[in-house]
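# Structure at a glance
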2 protein chains.
Amino acid sequence: MATRPVSNPLALAVLACLWERPMYPYEITTTLRERGKEDSIRLNFGSLYSVIQQLVKKDLIEVERTEREGNRPERIVYAITPAGRQETDAWLRELIAQPVKEYPAFETGLSLLAMLPPPDAARLLQQRLARLDADLTEREALAAGDVVSRLPELFVVELTYRIAMLKAERDYVAQLAGRIERRELGGFGLWAQLHDQLAQGRSHQELAAELAPVLTAGDDPQPDEGAAPGEGHRPAP
Amino acid sequence: MATRPVSNPLALAVLACLWERPMYPYEITTTLRERGKEDSIRLNFGSLYSVIQQLVKKDLIEVERTEREGNRPERIVYAITPAGRQETDAWLRELIAQPVKEYPAFETGLSLLAMLPPPDAARLLQQRLARLDADLTEREALAAGDVVSRLPELFVVELTYRIAMLKAERDYVAQLAGRIERRELGGFGLWAQLHDQLAQGRSHQELAAELAPVLTAGDDPQPDEGAAPGEGHRPAP
DNA sequence: CTCCGGATACTCGCCCCAGAGTATTTGCGA
DNA sequence: TCGCAAATACTCTGGGGCGAGTATCCGGAG
C-alpha cells in the first residue's frame, strides 16, 4: 500500500501506548501527557476518538473489555492486535528512515518575501529571531532542568532534535536579516526599487510585468532564453 | 481574530498571484509551478478550487469577468479586492515574524525511538542520513545550477533556507546514529536490556511496568519523587 | 484523414479532523 | 455542609482537503 492504513500520527501514539498494555482512551491521553509526548505529537480529543474508531475498523486494535469505576462514565479498554504490533513497527521504521516532504509555514513565507518592503522584511525577521531565541532558551533550560537532565538521553531525543533545528533556523534568520539590513542580499536593488515605485502609486500590474522576465526560472532549464539581469549588490545611493 | 479567515496556505499563494494581476484558476497553478513555488507550498487542484470559493465568500477576491478562448471551457478570471490585499500583507507578516508550532514526522518518530531495538535504530538512522545527503546534494546542485544561480538571491531564499535546515538535520542524525553505534547514548544500557528481554519472550506489559518509574518525567516537576536511575554509559559487556 | 496523447480547465464525493460542547464526580476551601 | 472549580470521560457537528475522475480541444505522427 502506498500509505499507512490510518494516516494520522496520533494513531501511532495510540498504538505505542497499547504496545505496552491495554488502556482506555482517556488513559491514553494522560499517559502521553505525562511522558511529555504531547508536544511532538498533536493531541486532541476529537481526533483521538475518531482515530481509535479507524484503528478498530482496520483490526489494528480491539475492544478488550469495558469497565466502570464508581459512577463514572463507562470505560472502554482497548488492546493492540498482532497486526497492530506489526503496523506500529513498520510505521515507526518508515518515519525514522524516510525523510518526507513537509511544508513549514516559514518556508511559505520566505517564498513570498519579495512582497514586503525590504525594511519591513528585516524588522519582521528580527522579531522572529527574538522569539526563536526565547523559545530556544526555554527549551535549553528544560533540557538542563532537574527533571529532564536526570532522564536517560534516549527518552529526550525529540527535545534535543528540536533544539538543534531551532538553532539552525535561528542562525539562518539572523544571517538573512543582517544581509538585508546591510543591503547585501542579491537582488536588493530591484527589490527596493519595486517597493519605491509601488509607494509612488505605480500599479502592481505594470511592475509585475517588468519583473516577469527576471523571476521566471522554472524547473525546465532553457539556457537560450536567459536575458542578462545585470543585477549587482550595489546599495542604492 | 485568532486565526486567518482562510487557513490553507495555498490561499496565500493565490492571493499573492492575484496581487500582481487578475488570473483564472488554472493560470494560477501554472504560474506557481513556473516560479518553482510548488515545493514550498502544497498545490493540488482539489484544494485550489475550494480555497478560491472560500476567498470569494470572505470577499478577499472577486470574479472580474469570464472569458472563453475558442471552444475551451469557460475561464473565470478573479481579481483581488482591497480587503484581500490587506489580508495578504497581514498574513505574510505573521508568517515571517511569528514562529508556529509544527509537528514534523521525524520528531514523532524520534519520540518513540525506544520501541525499536538499538541496532535497528542505528541502521535506520544511517538510511535517513544517506537520503538526506542525496536530497542535499541535489538541492545544492540546483542552487549552484545555471538557472537558479543567475536569479537574484532574494527569489530563492526558500531554497537556501531549506538547505540550511537539511544540513542541520543531517548533522543531528549523523551524530545520533554514531552515538548509538558506539553505545554512548544515555540510557543505552536499559534500552539494550529491554529489547534483549523482549527477544527472550518476556511480556511487553511486565517490562513496561518496570520501566515506568524511569520514564515518568512530565512537565510538572516533583523533585521528591525522583528515584535514582543510576544509569551509566557503560557498554554492556 | 485519423488517431492518440497531452494540455486545458474544472468537478465530485468521501474521509478526516478539530474544536466546542456535555454530563458527571471528586476534592477542597470557606 | 455548601458550593465551585478541576478532573473524568466522552460526543457531535460541520467544514475542509485531497485524490480521483471528467470532458473538451489542439497538434503532430503515420
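Use the structure listed above.
So, here's what we can say about the structure.

Thresholds applied
Residues numbered from 1 in each chain as written. Chains lettered and ligands numbered in written order. Predicted model: local features only at pLDDT ≥ 70, side-chain atom pairs only at ≥ 80, totals over all residues. Heavy atoms only, no water. Helix = DSSP H or I, 4+ residues; strand = E, 2+ residues; numbered from the N terminus. Expected span 1.5 Å × (residues − 1). Axes fitted to C-alpha atoms, helices over the stretch in contact; angles between N-to-C directions. Parallel < 35°, antiparallel > 145°, perpendicular 65-115°, else oblique. Contact = heavy atoms within 4.5 Å. Nonpolar A, V, L, I, M, F, W, Y, C, P; charged D, E, K, R; others polar. Least-squares fit on C-alpha atoms with pLDDT ≥ 70 in both. Buried area = accessible area lost by both parts, 1.4 Å probe. Salt bridge = Lys/Arg side-chain N within 4 Å of Asp/Glu carboxyl O. Polar contact = N/O pair within 3.5 Å; in protein donor to acceptor, adjacent residues only side chain to side chain. Buried < 20%, exposed > 50% of the residue type's maximum accessible area, 1.4 Å probe, protein only.

## Examining helix α8 (residues 157–181) of chain A
Along an α-helix, a turn takes 3.6 residues, which lines up residues three or four apart on a common side. In this model α8(A) runs 36 Å from its N-terminal to its C-terminal C-alpha over 25 residues, within 8% of the 36 Å that 1.5 Å per residue would give. Positive phi appears at A:R183, one or two residues downstream of α8(A), with a value of about 60°.

## Quick word on the packing of helix α1 (residues 9–20) of chain B against helix α2 (residues 25–34) of chain B
All names here are of chain B. With their axes 10 Å apart at the nearest point, α1 and α2 run at an angle of 95° to one another. When the axis of α1 is compared with that of α2, the two are roughly perpendicular. Contacts between α1 and α2 pair A13, V14, C17 and L18 from the former with I28, T31 and L32 from the latter. Looking at the contact of α1 with α2 residue by residue, the classes come out as 6 nonpolar, 1 polar and no charged.

## Structural notes on the relation of the copies chain B and chain A
Mapping chain B onto chain A is achieved by rotating through 180° and translating by 0.0 Å along the same axis, at an RMSD of 0.0 Å. The transformation just described matches what one would write down for a two-fold rotation axis. Considering only C-alpha atoms, the part of chain B nearest the rotation axis is B:A168, at 3.0 Å. Interface overlap between copies is the fraction of interface residues in one copy that are interface residues in the other; for chain B against chain A it reaches 99%, indicating a shared surface.

## Description of the interface of chain B and chain A
Counting residues at the interface gives 90 residues for chain B, matched by 90 residues for chain A. Carbon and sulfur atoms supply 68% of the area that chain B and chain A bury against each other, a total of about 9,300 Å² over both sides. Broken down residue by residue, the surface that chain B buries against chain A is led by B:I96, B:L154 and B:Y161, which jointly contribute 8%. Across the chain B-chain A interface, the total number found is 6 salt bridges. One salt bridge connects B:E107 with A:R162, and the closest N-O pair in it is separated by 2.9 Å. Our count for the contact surface shared by chain B and chain A stands at 43 residue pairs in polar contact (both at pLDDT 80 or more). Where the side of chain B that touches chain A is concerned, the elements lending two or more residues are α1, α2, α4 (82–97), α5 (105–111), α6 (118–144), α8 (157–181), α9 (188–199) and α10 (204–215) of chain B. Here the side of chain B that touches chain A gets 12 residues from one element, more than from any other, and that element is α8(B). Looking at the side of chain B that touches chain A residue by residue, the class counts come to 48 nonpolar, 15 polar and 27 charged.

## Some thoughts on the pattern of salt bridges
Two side chains of opposite charge can pair, provided their charged atoms sit close to one another. Residue and element names in this part refer to chain A. As enumerated under the stated definition, the model contains 42 salt bridges over all chains in all. R21 is paired through a salt bridge with E27; the nearest N and O atoms lie 2.9 Å apart. For E27, a relative accessible area of 18% gives the class buried. Its salt-bridge partner being R139, residue D135 comes within 3.1 Å of it at the nearest N-O pair. In this pair, D135 and R139 both sit in helix α6 (residues 118–144), 4 residues apart, roughly one turn of the helix. Residue classification places D135 among the partly exposed positions, given a relative accessible area of 22%. Residue classification places R139 among the buried residues on the basis of a relative accessible area of 13%.

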